[in-house]
Structure formats: structure tokens, C-alpha cells
Amino acid sequence: MPDVLERAGRDVLETGVGLDEAGVLTVLTLPDDDLPAALQLAHEVRMRWCGPEVEVEGIVSVKTGGCPEDCHFCSQSGLFTSPVRAVWLDIPALVEAARQTAATGATEFCIVAAVRGPDERLMAQMRQGIAAIRAEVDINIAASLGILTQDQVDELAALGVHRYNHNLETARSYFPQVVTTHTWEERFDTLRLVRKAGMEVCCGGIIGLGESVEQRAEFAVQLAALEPDEVPLNFLNPRPGTPFGDRAPMPGADALRTVAAFRLAMPRTVLRFAGGREITLGDLGARRGLLGGINAVIVGNYLTTLGRPADADIDMIGELRMPIKALNHSF
Ligand code: SF4
């Protein structure tokens, strides 16, 4: 077994303290022959520090497309030619989406908007939407609305948003190649405010944006330093019309190395398969991920691309004999 896995077997598994950047980089560059051992160890670490439960989440877009920002992977930017039109969801549709998500057994329902940060119209929509969902559906409500002010953080916390998603997307050193309309630091500031207000921090990114493997390791330890409650792991699904639209999806083996390395960097976090896993890994790869450090999934469709049917994922989790996390009324 490679030294790095022996070391991780001693340190990460026994103490719950993640690998350092050099260790993460070594895992990210392991030869294919060592990948099964890396995934096996990552699975043991997940079972030891997180347990066997899988957290299931559904997401809904309350405002789709027409975003003023220029994240080069994103078809919701209004600055590219991607065929996503600006659309708002009404409150009854939002409640229905929450109801359907809860019916799958999911405990998390994340309301997402394609914006730089919320304006008054979006905050009003959140006020009404969250009240309506809480009156009718038993599910944790999360939100992902971009960069927040202190007042907006306070209001969302008071409304009962228990987890806030804001992805750092990529390594700090690579971020300027991906986004030019705001900075990594602006994103980081929102995460700091979210944590201070008592909401859970959900922060991940997209792998395969053209970052080097060293930058992938850099990103893993930058996330680990934030001690996020959840890390959604996306793999680039190149969208037509975006600046990254002609990039190739990353190879499945590299995606699995990333899963193992990120779990070994963050033994205690909820590590969620998010967008891009279907084209990068397919069905078999998704199983290997769930047996290699992943302990959460998004069911149903993503924001601009189709996922797998919710039932297929729930069935797969059942076949793997992993219990689905139950609601513990955190709000
Ligand atoms: S990732 Fe978010 S902020 Fe960036 S363009 Fe897409 S919707 Fe806008």
C-alpha cells in the first residue's frame, strides 16, 4: 500500500484530522492500481467519522438564468449565449417542489437563485416561500442566493434557513481564471457571516474546470480550513455557450481520486455528489463514490441539467444497505 494511505490509515482514520495539502496531492496522483485502496480507506473514514447514513437533498431554482456574473462554467449567466432564459418560480410551485422532495425521503430542500446576491424582490420571495413551506412541509430548508449582506444573513437565519450554500468553486489561485465579476474573497466573506449567524455552512465547488492537480489539492485544504458542514462536489458538465463549453469532462478515475482525496482531507463533513457525476462517472462510478467517501446525494434534477430520477438514487442507496438520514428537526 502507498505510504500516504498507510499514513492516512493511522492518522485520518484514528484521529479524524484530515490530510495536509501534500498528502491530498499524493492521493490525487495515485496510479490507477492504487485507486481501489484509496476509495476503501476513504469509505472507512466516512463510516468511522460520519456513520453509514446518506443525506438526501432536493434543490429548486426560484430564479433561473439571467445572472449578471460571469462564472465561466455557468449557463445561467446572462453574459453568455447559453440557452437558459430568466424565469421566476411562484410560491405554490415552490411549496410543491418541497413536498415532492420530502416525499423522496429527503431531509434537505435547498432554494437556489441565479443572482450575484439577493435584491428586495428575492428576499420577499424567500420570506413568503419559506413561511409557506414551513406551514405545509416537514423538511429542512437551505438556501443558495449568492453574496449576502449582514442584514440578509440575519434575516435568513431568523426565517429558519438552517444551512446556506455558497461555493468557493475552485482554488483561490485559480478563481480569477473562472470568474472576473467578483472575487474569491467576497465569497469567503459571506461564508464567514453565515457561520457567525449560526447557520450551517455548505461550501464546495466544481472539479475539472482546468485547474491543475496541485490547485485541486490547494482547494481541498482551503475548504477543510473552513470546516464546512457540507461540501457539494460537482464535476464540470460543459454547457454549450459558456466559455468552458468546449472543455472535456474529466476522466472518471480522476473524479474518483478526487472523491477519496477530499474525504481524506475532510473526514467529518457531509460530502455530497452534486452536478456532473452522471456524465463523469455514470451509474457504476456513482456506486463507487458512495463506497469511497461520499455520504450525501442530490436527487432529481439539477439547476440547468437533468440528473437521474430520484427513485434510481434512492434504490441505489438501498441496494448498498445504507440508511437514509432522517429528519432531526434542526429548525
Ligand atoms: S454560478 Fe451563480 S453567480 Fe455565477 S453565473 Fe452562475 S448563477 Fe451567477
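This text goes with the structure placed above it.
Quantities reported herein were computed from a predicted structural model and do not represent experimental measurements.

Engineer: Break down the packing of aromatic side chains for me, citing the residues and quoting the values.
Structural biologist: One pass over the full model with this rule turns up three aromatic pairs. Both rings, one in Trp184 and one in Phe188, keep their centres 5.6 Å apart while their planes meet at 15°; by these two values the pair is stacked. You can see Trp184 and its partner Phe188 sitting in helix α7 (residues 184-196), four residues apart, about one turn around the helix. The exposure class assigned to Trp184 is buried, which follows from its relative accessible area of 6%. Measuring from ring centre to ring centre gives 6.2 Å for Phe219 and Phe262, while their planes differ by 65°; the resulting arrangement is edge-to-face. Here the residue Phe219 occupies a position in helix α8 (residues 213-226), and Phe262 occupies one in helix α9 (residues 252-265), the gap between them amounting to 43 residues. Comparing Phe219 with Phe262 shows no difference in burial state: the two are buried. Residue placement shows Arg121 over the ring face of Trp88; its charged tip is 3.8 Å from the ring centre. In this arrangement the basic side chain of Arg247 is found over the ring face of Phe244, its NZ or CZ atom lying 4.0 Å from the centre.

Engineer: Give me the packing of helix α2 (residues 21-28) against α9: which residues, what numbers.
Structural biologist: Put simply, α2 and α9 touch, their axes get as near as 8 Å, and they point 160° apart. Taken as axis vectors, α2 and α9 run roughly antiparallel relative to one another. Note on packing geometry: the crossing formed by α2 with α9 is right-handed. Along its contact with α2, which presents Val24, Val27 and Leu28, the element α9 presents Arg257, Thr258, Ala260, Ala261, Leu264 and Ala265. Residue composition of the contact of α2 with α9, grouped by class: seven nonpolar, one polar and one charged.

Scoring rules and cut-offs
Each chain has its residues counted from 1, following the order in which its sequence is written. The predicted nature of this model means local features are confined to residues of pLDDT at least 70 and side-chain atom pairs, given and counted, to a pLDDT of 80 or more, with totals for whole chains, interfaces and linings taken over all residues. Processing note: side-chain calculations cover all non-hydrogen atoms of the structure and skip hydrogens and water entirely. Classification of ring pairs rests on two measures: the distance between centres of Phe, Tyr or Trp rings, Trp counted by its six-membered ring, which must be within 6.5 Å, and the angle between planes, read as stacked under 30 degrees, edge-to-face over 60 and tilted in between. Going along the chain from the N terminus, every DSSP run of H or I of four or more residues is numbered as a helix, and every run of E of two or more is numbered as a strand. Think of it in three bands: residues with accessible area under 20% of the maximum for their type are buried, residues over 50% are exposed, and the middle band is partly exposed, with areas taken using a 1.4 Å probe on protein chains only. Ring-over charges, as used throughout, are those where CZ of Arg or NZ of Lys falls within 6 Å of the ring centre and within 35 degrees of the ring normal. Axis definition: a line fitted to C-alpha atoms, over the contacting stretch in the case of helices. Angles run 0 to 180 degrees between N-to-C directions. Each angle is binned into one of four classes, with values under 35 degrees roughly parallel, values over 145 roughly antiparallel, values of 65 to 115 roughly perpendicular, and all other values oblique. Each crossing is labelled by how the near helix is turned from the far one, with a counterclockwise turn of less than a right angle marking it left-handed and a clockwise turn marking it right-handed. Any two residues whose heavy atoms approach within 4.5 Å at even a single point are treated as in contact. Note on residue classes: Ala, Val, Leu, Ile, Met, Phe, Trp, Tyr, Cys and Pro are nonpolar, Asp, Glu, Lys and Arg are charged, and everything else, Gly too, is polar.

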